Amino acid sequence: MIIGSFNIREGGRLIKRKRIGQIVKNGKADIFLIQESKLESVDVGIINSFWPGEKVGWSFSGSSGASGGLISIWKEDACELKRKLWKDLLICKSKFSDGEWCIAGDFNAVTNKRERRGHGIRSRRSEMRDFSEFIFGSNLIDVQCKGKCFIWYSGDGLSMSRIDWFLLSDSLITAWGIIGQLIDNRDVSNHCPIWLISDFSDWGPKPFRVNDNWFDNSSFLSYVEREWRSIKVEGMSDFILKEKLRILKSSLRTWNVDHFAKIDLDIKEGIQKINNADALLEACREDFVKEVVVERSEATSDLWKKLYLKENFLRQKSRLKWDTLGDSNNKFFHCCMRERSLRNHISSILVEDRLLESVEDVKEEARRFFSSQFAEPDFSRPCLSGIRFSSISCEDVSYPNF
């Protein structure tokens, strides 16, 4: 790869740009860096005059006053090296798929336009698509970012991108207790440091969620009705409702374990029944064939029900379109569930420039905030003392006139 650099001392004249284009062509450059263009803006026509006859990408940082104006131009073919690296990483990971993976660094690529902003920055759709497919194909997770939105900032601060990435495997997230990544303030570099956040703190019980598959079970609605009627609570109506829902949630958790927790074991047993039936069909006499065939048919039907049930659980947990994005066999939905769980996790709260990170501080701030939303502020109420109102006499109450 050949990279050229040229301080052109003003690039406003077309004849000068054409001459620079000839220099680029003669040098057979793959990437060309131009300084001191003193241009406040550029377009495709200006870029083509610098590098004619080639399909190129470019980025631009405008001039400030009488100085500056940086232009970076590169052949689209030069980006193939980046794609080759992504392909090699996928091949390497496929050979060691069961390991704990952490791929990090400056990929110089984004997955969507929101991750790149600024004057003179072009985000090529093909590159964004290829990088997204690389992350998708690797079954790695981009954990939730906190702090800044961008990681790289240009010298003038007008352009910014999120081009540095941490991509982690699900097993590594579990082993290290990763809950997110923090994009910190930058210092001497135009890139911000990134910190992986690990936390094994106990944040309390998990939220209760109803699964759609419960309603397909014939005993579910009758169980709920029976449990609801059996719960006896005394007190105000709103207190009774709250307590009955709390007790019902506990009962439903137990019911869910009894009916769905052993689904993987049921699938293995179903496969074993089918294989046992096949073995019997090979060895049994003709007068027993019909009976074994019926048993095998029932085992097969039950197996498919369990398989669909398991995949429906995964689909609801990942909240993705099942028919367009694949199935659960390639760990894709497990990664989606993990990514969604990390995205919804609140590990810290920023309160008046103070970051609260401990479990106790976050819970206390949440309690204080919602208490303030429902608390009645102190204010002066009108007083009715000393005012005489018309009243009904005891006689009028005793003998109403109709």
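Residues numbered from 1 in each chain as written. Predicted model: local features only at pLDDT ≥ 70, side-chain atom pairs only at ≥ 80, totals over all residues. Heavy atoms only, no water.

A. Representation of the pattern of salt bridges in the model. On inspection of all chains with the given rule, the structure shows 9 salt bridges. Here E243 ties to K242 by a salt bridge, and the two come within 2.6 Å at their closest N and O atoms. In this structure E243 comes out as buried when scored by relative accessible area, which is 12%. With a relative accessible area of 46%, K242 lands in the partly exposed category. One network of salt bridges, in which partners are shared, links E115, D142 and R162. (Salt bridge = Lys/Arg side-chain N within 4 Å of Asp/Glu carboxyl O. Buried < 20%, exposed > 50% of the residue type's maximum accessible area, 1.4 Å probe, protein only.)

B. Quick peek at the confidence of the model for the protein chain. The share of residues in the protein chain with pLDDT of 70 or more is 84%, and the mean pLDDT across the chain is 78. In the model, residues 320–330 has pLDDT below 50 throughout and makes 21 contacts with residues more than four positions away in sequence or in other chains. (pLDDT = per-residue confidence, 0-100. Contact = heavy atoms within 4.5 Å.)

C. Spatial organisation of the nonpolar core. If you look at the biggest cluster of nonpolar residues, it comprises 17 residues, and the most contacted ones within it are F32, I34, V42, F50, W51, I71 and I73. Residue assignment for this core shows that the elements contributing at least two residues are α1 (14–27), β2 (31–35), α2 (44–50), β3 (56–64) and β4 (67–75). (Core = buried A, V, L, I, M, F, W, Y, C linked by side-chain atoms within 4.5 Å. Helix = DSSP H or I, 4+ residues; strand = E, 2+ residues; numbered from the N terminus.)

D. Structural detail: a nonpolar patch on the surface. Together, V210, F215 and L221 make up an exposed nonpolar region whose accessible area comes to about 290 Å². For L221, the location among the structural elements is in helix α6 (residues 220–230). Owing to a relative accessible area of 55%, L221 belongs among the exposed residues under this scheme. (Patch = residues over 30% accessible without salt bridge, like charges linked within 9 Å, V, L, I, M, F, W, Y side chains within 5 Å. Areas by Shrake-Rupley, 256 points an atom, 1.4 Å probe, with all protein chains shown as cover.)

E. Representation of the environment of I231 within the structure. By the secondary structure assignment, I231 is in the loop between α6 and α7 (237–260). Taking relative accessible area as the criterion, I231 reaches 9% and is therefore assigned buried. The spatial distance from the C-alpha of I231 to the C-alpha of I247 is 7.8 Å, given a sequence separation of 16 residues. Beyond its immediate sequence surroundings of up to four residues, I231 is in contact with K244, I247 and L248.

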